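Coordinate analysis (summary)
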2 protein chains.
Amino acid sequence: MDQRQALIAFGALSQETRLHIVRMLVVSGPDGMAAGAIAEKAEVSPSNISFHLKELERSGLIAQQRESRSIIYTANYEALGGLVRFLMEDCCSGHPEICAPAAEVAACCAPKMKEKLQ
Amino acid sequence: MDQRQALIAFGALSQETRLHIVRMLVVSGPDGMAAGAIAEKAEVSPSNISFHLKELERSGLIAQQRESRSIIYTANYEALGGLVRFLMEDCCSGHPEICAPAAEVAACCAPKMKEKLQ
DNA sequence: TCAATGATTCAAGGATTATTGAAATATGGA
DNA sequence: TCCATATTTCAATAATCCTTGAATCATTGA
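The rules behind each value
- Each chain has its residues counted from 1, running along the sequence as written.
- Here chains are named by letter from A upward and ligands by number from 1 upward, in the order in which they appear as written.
- pLDDT decides what is reported in this predicted model: residues at 70 or higher carry local features, side-chain atom pairs at 80 or more are listed and counted, and totals for whole chains, interfaces and linings draw on all residues regardless.
- Side-chain measures here rest on the full set of heavy atoms in the structure, leaving out hydrogens and waters.
- Each helix corresponds to a stretch of at least 4 residues labelled H or I by DSSP, and each strand to a stretch of at least 2 residues labelled E; elements are numbered beginning at the N terminus.
- Residue exposure (1.4 Å probe, protein chains only): buried if accessible area is under 20% of the type maximum, exposed if over 50%, otherwise partly exposed.
- Throughout, a residue-residue contact means that at least one pair of heavy atoms, one from each residue, lies within 4.5 Å.
- In these tables, accessible area is a Shrake-Rupley quantity obtained with a 1.4 Å probe, and a residue counts as shielded only by the protein chains included in the view.
- Near, as used in this document, describes a residue that has one of its heavy atoms within 4 Å of the molecule or strand being considered.
- Definition of a polar contact: a pair of N or O atoms within 3.5 Å, with one able to donate and the other able to accept a hydrogen when the atoms are protein atoms, and with sequence-neighbouring residues admitted only if both atoms are side-chain atoms.
- Side-chain atoms within 4.5 Å link the members of a nonpolar core, which is a set of buried Ala, Val, Leu, Ile, Met, Phe, Trp, Tyr and Cys residues.
- Throughout this description, the term salt bridge denotes a Lys or Arg side-chain nitrogen within 4 Å of a carboxyl oxygen of Asp or Glu.
- Strand pairing is assigned whenever DSSP detects at least two bridges linking the two strands.
- What counts as an axis is a line fitted to C-alpha atoms, over the stretch in contact for a helix, and the angles between N-to-C directions run from 0 to 180 degrees.
- For Phe, Tyr and Trp, rings pair up if their centres lie within 6.5 Å, where Trp contributes its six-membered ring, and each pair is then called stacked (planes under 30 degrees apart), edge-to-face (over 60) or tilted (otherwise).

This paragraph deals with the overall build of chain A. Looking only at helices and strands, chain A has seven helices and three strands in total. Ordered by position in the sequence, the α and β elements of chain A form the string α-α-β-α-α-β-β-α-α-α. In chain A, buried positions account for 51% of the 118 residues. When contacts within chain A are restricted to residue pairs at least 6 apart in sequence, long-range pairs at least 24 apart make up 55% of them. Here chain A displays about 5,800 Å² of accessible surface, and carbon together with sulfur accounts for 46% of that area.

Right, dumping it as structure tokens:
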């Protein structure tokens with residue numbers, strides 16, 4: 001993730017409906033959610049959700065795939081991880097204050113992280 | 001960091017000049033930088049840098065303190081850490097793909113992280 | 001007190017982004 | 001083919017954000 005992409009990703013996450021969408025898709029996992037289901041849960045009109053989904057896809061934070069009549073959206077975990085990484089990058093050189101709180105949350109990933117820290 | 005704050009923080013980071021400012025301040029550490037120095041490095045007019053610094057301060061990602069005639073800005077490491085945390089929160093419940101890449105970068109914080117992972 | 005320095009505020013404008021509803025597209029089944 | 005469903009696209013409006021330059025405020029030293 002370079003700075004250009006990060007800018008777009010931050011912009012994508014800076015809007016209430018879109019942040020809501022991303023969090024829903026992260027939770028819903030690889031099955032994702034259809035556009036209509038997202039619109040319903042977010043209580044937004046179809047055309048409006050479409051606008052925001054497009055913006056999120058442009059940012060690379062989500063992906064789409066057609067399944068019959070529905071279009072299924074899924075979170076792009078790599079891109080989200082890349083954004084976290086971008087946020088932490090400059091900091092770690094001398095400023096573990098930023099990484100440390102992340103480590104707390106990352107405790108759930110303990111097995112994978114322990115590998116990395118060997 | 002709650003969702004409302006995160007929205008503002010993402011918005012703050014979604015603008016080129018502001019993202020540049022934050023990265024400079026993170027690197028410059030606790031000494032921070034004066035508004036004028038920031039404006040010079042970012043090649044932006046004083047009034048424009050002031051506009052963006054205000055926005056960043058509103059987001060809580062940076063803080064200011066007057067020192068003689070200058071106003072010194074510093075990165076708020078807690079807030080930045082809080083944002084990283086927020087980004088990772090929903091993910092870890094079943095989706096360590098997001099946390100894992102973060103762990104790579106966080107290797108610099110290994111001592112602190114190993115404590116947390118005991 | 002006066003001038004110089006460092007920075008902010010303000011109003012005007014230009015630019016971008018968000019919302020809305022109507023129309024269009026794509027798919028699957030009767 | 002025709003209809004219903006699921007979604008997107010488009011154009012118009014509304015709202016927000018960014019930039020600019022002039023004016024203002026705060027601090028320091030002569």
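Right, let's get into the side chain of B:Thr74. Residue and element names in this part refer to chain B. Mapping Thr 74 onto the fold places it in strand β3 (residues 70-75). On the accessibility criterion, Thr 74 (12% relative accessible area) is buried. Aside from chain neighbours lying at most four places away, what touches Thr 74 is Leu 25, Gly 29, Pro 30, Asp 31, Gly 32, Leu 61, Ile 62, Ala 63 and Gln 65.

This paragraph deals with the protein's contact with DNA strand D. Near DNA strand D there are 20 residues, and of these A:Gly36, A:Ser50, A:Tyr73, B:Arg18 and B:His52 occur at the shortest range. Counting only atoms of DNA strand D within 4 Å of the protein, the sugar-phosphate share comes to 65%. Here a phosphate oxygen of DNA strand D sits 3.3 Å away from a polar atom, N or O, in the side chain of B:Asn48. Going through the elements one at a time, α3 (35-42), α4 (46-59) and β3 (70-75) of chain A together with α4 (46-59) of chain B are the ones with two or more residues in the surface near DNA strand D.

On to the protein's contact with DNA strand C, then. Around DNA strand C sit 20 residues, and of these A:Arg18, A:His52, B:Gly36, B:Ser47 and B:Tyr73 come closest. When the atoms of DNA strand C within 4 Å of the protein are sorted by group, sugar and phosphate make up 67%. Between DNA strand C and B:Ser50, the relevant distance is 2.9 Å, taken from a phosphate oxygen to a side-chain nitrogen or oxygen of the residue. One nitrogen or oxygen atom from the side chain of B:Tyr73 is found 2.4 Å from a phosphate oxygen belonging to DNA strand C. Where the surface near DNA strand C is concerned, the elements lending two or more residues are α4 of chain A together with α3 (35-42), α4 and β3 of chain B.

By size, the foremost hydrophobic cluster in this structure holds 66 residues, and its most contacted members are A:Phe10, A:Ile38, B:Phe10 and B:Ile38. The residues contacting B:Phe10, other than those within four sequence positions of it, are A:Phe10, A:Leu13, A:Ser14, A:Leu19, B:Leu83, B:Phe86 and B:Leu87.

Further remarks concern the pattern of salt bridges. Residues and elements named next belong to chain A. Using the criterion set out here, one finds two salt bridges over all chains in the structure. A salt bridge links Glu 55 to Arg 58, with the nearest nitrogen and oxygen atoms 3.1 Å apart. Residue Glu 55 and its partner Arg 58 are located together in helix α4, separated by three residues, close to a single helical turn. Looking at Glu 55, the relative accessible area reads 24%, which means it is partly exposed.

Turning our attention to the sheet that holds β3(A). Residues and elements named next belong to chain A. The sheet built from three strands is open, its strands ordered β1-β3-β2 with antiparallel pairing. Where the open sheet ends on each side, the last strands, each with one partner, are β1 (33-34) and β2 (62-67). Note that β2 and β3 share six bridges and pair antiparallel. Across the sheet, Ile 62 pairs through a bridge with Ala 75, a residue of β3. Against the sheet, helix α2 (residues 16-28) touches β1, β2 and β3, its axis set at about 85° to β3. Running at roughly 120° to β2, α4 makes contact with β2 and β3 of the sheet.

Right, let's talk about the packing of aromatic side chains for a bit. Any aromatic ring pair is given by two values, namely how distant the centres are and how the planes are angled relative to each other. Inspection of the entire model under this criterion finds three aromatic pairs over all chains. For the pair A:Phe10 and B:Phe10, a centre-to-centre distance of 6.1 Å together with 25° between the ring planes defines the contact as stacked. Placement of A:Phe10 in helix α1 (residues 3-13) and of B:Phe10 in helix α1 (residues 3-13) is noted, with the two residues assigned to different chains. A network of ring pairs unites the aromatic residues A:Phe10, A:Phe86, B:Phe10 and B:Phe86 as a single cluster.

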